[in-house]
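# Results of the structural survey
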Amino acid sequence: MKKVKDKIQNFIDKNPDGVVFIVGPTASWKTKLSVELINSWINWEIISADSRQIFRYMDIWTDKISKQIREQIPHYLIDFLEPDQFYTAWDWKKDALRYVDKIKSNWKIPFIVGWTGLYTDTIYKNYSLPDAEPDFEFRKKLYEMEEKEPWILWKKLNEVDPEEASKNHPNSVRYIVRALEIYEKTGQPKSVVCRSQPVPFPILMIIKWADKEVANPKINARIKEMFQIWLVEEVKKLLDMWYNESHQSLQSIWYKEIIPYIRWKYSLETAKENLKKNTHRYAKKQRTFFRRYLMDMRANPKENVEYLFLD
């Protein structure tokens, strides 16, 4: 912890207008690290970079920071949307930058904690924002095409934007649909419209890593704890409020495994096993992606960014 505090202090001394990021894959103790810093000398406030904690009523499975801790230190971009509201990475960037300015105006240090990669990259890589509002009718047509002919959308993207296609697996349909939507609305490839730019302010990027030997036991313990603190009841409450799988907030791991159990499609034990299996698969995928992310950071460090890599 002393290593982290010394690095932050040194960074702040040199860059009083800087922003600190704490990022890492699933079960890498990002939240634990940020909580341990709360009682330190740092005068700071937190902006969440978690694409699920933005929604209300979804506390257990998103492992939201407790209200007690949030009373100690302000957290922004948590618990502010209804589960049926639509929210993009570009929305997050605009909101996050607004809170960065607010925190700085109070002479405090903004910390951005979490790792929804699309969120953090909008600032770290500072992508330009495309002038392309979501077109849900257009998206519906694309999803129908993909259902009839798998991978057809990736092939179409490869025709109009091979650079962007090379970054996406053909099964990453949601990201491919957005790239095609940007091309449809702007007449330009996403790889051109969303170019990376210099960072908007000095950044200290604290990267928290966890190997599977560390992450997997934590994941298993967390799943056990979630069922003990009423995860199923939380999902039932959402369904009783007329939210369902068609909403962005429920289209993710955890809910996809619980809803079939609630609808009597399989047993609770099967739900638990599916949840454990799919969570480990998701965590492995995140570690693989994040390992590439680390390699890119080391090979191509950005100007005006400092890095601290933690095991």
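Now for a description of the structure that goes with this document. Being a predicted model, the structure only gives us computed values, none of them experimental. (Residues numbered from 1 in each chain as written. Predicted model: local features only at pLDDT ≥ 70, side-chain atom pairs only at ≥ 80, totals over all residues. Heavy atoms only, no water.)

## What to know about helix α4 (residues 89-105)
For the record, the criterion: Numbering of helices and strands runs from the N terminus; a helix is a DSSP stretch of H or I covering at least four residues, while a strand is a stretch of E covering at least two. The span expected for a helix works out to 1.5 Å for each residue beyond the first. In this scheme, a residue with accessible area under 20% of its type's maximum is buried, one over 50% is exposed, and one in between is partly exposed, where area comes from a 1.4 Å probe on protein chains only. Here, two residues are considered to be in contact whenever any of their heavy atoms come within 4.5 Å of each other. Under this definition, polar contacts are N or O atom pairs within 3.5 Å; protein pairs additionally need one hydrogen-donor-capable and one acceptor-capable atom, and for neighbouring residues in sequence, both atoms have to be side-chain atoms.
Here α4 spans 24 Å end to end across 17 residues, near enough to the 24 Å set by a 1.5 Å rise per residue. Those residues of α4 not exposed but buried are A89, W90, W92, K93, D95, A96, Y99, V100 and I103. Along its buried surface, α4 packs onto β1 (19-23), β2 (44-48), β3 (75-76), β4 (109-113), α5 (117-124) and α9 (173-186). N-capping of α4 is provided by T88, with a side-chain oxygen placed 3.3 Å from the backbone N of W90.

## Quick notes on the pairing of β2
Each regular strand carries side chains that alternate between the two faces of the sheet. Rule in force here: Paired strands are those between which DSSP finds at least two bridges.
Along β2, five of the five residues are buried, which leaves the element largely enclosed by surrounding structure. Here β2 shows a buried face lined by W44, I46 and S48 and a second buried face lined by E45 and I47. Pairing between β2 and β4: five bridges, direction parallel. Looking across to β4, one finds that W44 is bridged to I109.

## Considerations on the packing of α4 against α5
Counted only if it meets this: To obtain each axis, a line is fitted to C-alpha atoms, and for helices this fit is confined to the stretch in contact; angles are then taken between N-to-C directions over 0 to 180 degrees. For classification purposes, an angle smaller than 35 degrees is called roughly parallel, one larger than 145 roughly antiparallel, one from 65 to 115 roughly perpendicular, and anything else oblique. Less than a right angle of anticlockwise turn of the near helix away from the far helix marks a crossing as left-handed, whereas a clockwise turn marks it as right-handed. Classification convention: Asp, Glu, Lys, Arg as charged; Ala, Val, Leu, Ile, Met, Phe, Trp, Tyr, Cys, Pro as nonpolar; all other residues, Gly among them, as polar.
For the pair α4 and α5, the least separation of the axes is 9 Å and the interaxial angle reads 55°. Compared by their axis directions, α4 and α5 come out oblique. You can see that α4 and α5 cross each other, and the crossing is right-handed. Every residue of α5 that contacts α4 at A89, W90, W92, K93, A96 and L97 is listed here: L118, Y119, T120, T122 and I123. Class assignment for the residues of the contact of α4 with α5 results in eight nonpolar, two polar and one charged.

## Points about unusual backbone geometry
Positive phi outside glycine occurs at D63, with the angle close to 55°. Checked against the element boundaries, D63 lands in the loop between β2 and α3 (67-72). Of note in the backbone geometry, N304 takes a positive phi value of approximately 70° without being a glycine. In this structure, N304 sits in the loop between α14 (268-299) and β6 (305-310).

## Focus: the pattern of salt bridges
Let me state the cut-off plainly: Put simply, a salt bridge is a Lys or Arg side-chain nitrogen that is within 4 Å of an Asp or Glu carboxyl oxygen.
In the structure shown here, the tally under the stated rule is 19 salt bridges. Among the ionic pairs, D79 bridges to R70, the shortest N-O distance being 3.3 Å. Judged by relative accessible area, D79 falls into the partly exposed class, the value being 21%. In this structure, E163 and R195 form a salt bridge, with 3.3 Å as the shortest nitrogen-oxygen distance. Residue E163 is located in helix α8 (residues 162-165), and its partner R195 is located in the loop between α10 (190-193) and β5 (203-208); the two are separated by 32 residues in the primary sequence.

## A short note on the packing of aromatic side chains
Put simply, the test is: Stacked, tilted and edge-to-face are the three classes applied to pairs of Phe, Tyr and Trp rings, where Trp contributes its six-membered ring and a pair requires centres within 6.5 Å; stacked means planes under 30 degrees apart, edge-to-face means over 60, and tilted covers the rest. Note on geometry: a ring has a charge over it if NZ (lysine) or CZ (arginine) is within 6 Å of the ring centre and within 35 degrees of the ring normal.
Tallied over the full model, the rule gives 13 aromatic pairs. Judged by centre distance (4.0 Å) and plane angle (65°), the ring pair of W44 and F111 falls under edge-to-face. Residue W44 is found in strand β2, and its partner F111 is found in strand β4; the two are separated by 67 residues along the sequence. Of the residues examined, F111 reaches a relative accessible area of 0% and is grouped as buried. In textbook terms, an aromatic cluster arises when at least three aromatic residues are bridged by ring pairs, as seen for W115, Y124, W209, F290, Y293, Y307 and F309. One residue, K272, lies across the ring of F227, its end atom 5.2 Å from the ring centre.

## Observations regarding the pairing of β4
With five of five residues buried, β4 is to be regarded as a mostly interior element. Here β4 shows a buried face lined by I109, F111 and V113 and a second buried face lined by P110 and I112. In this structure, β1 lies alongside β4, joined through three bridges in parallel fashion. Each residue of the ladder has a partner; that of F21, found in β4, is I112.

## Brief notes about the packing of helix α6 (residues 136-148) against α9
Packing of α6 against α9 leaves a shortest axis separation of 10 Å and a crossing angle of 130°. It follows from the interaxial angle that α6 and α9 lie oblique. The chirality of how α6 crosses α9 is right-handed. Counted together, F138, R139, L142, Y143 and E146 of α6 and V173, R174, V177, R178, L180, E181 and E184 of α9 form the full contact between these two elements.

## Topic: the side chain of K64
Structurally, K64 is set in the loop between β2 and α3. A distance of 2.3 Å separates the side chain of K64 from the side chain of D79, its partner in a polar contact.

## Some details on the sheet that holds β4
Across the sheet, which stays open at both edges, the six strands sit in the order β3-β2-β4-β1-β5-β6 with parallel pairing between neighbours. Bordering the open sheet on either side are β3 and β6, each of which pairs with just one other strand. Helix-sheet contacts for helix α1 (residues 2-14) involve β1, β4, β5 and β6, and the interaxial angle to β6 is about 175°. The sheet strands contacting α4 are β1, β2, β3 and β4, and the helix crosses β2 at an angle near 175°.

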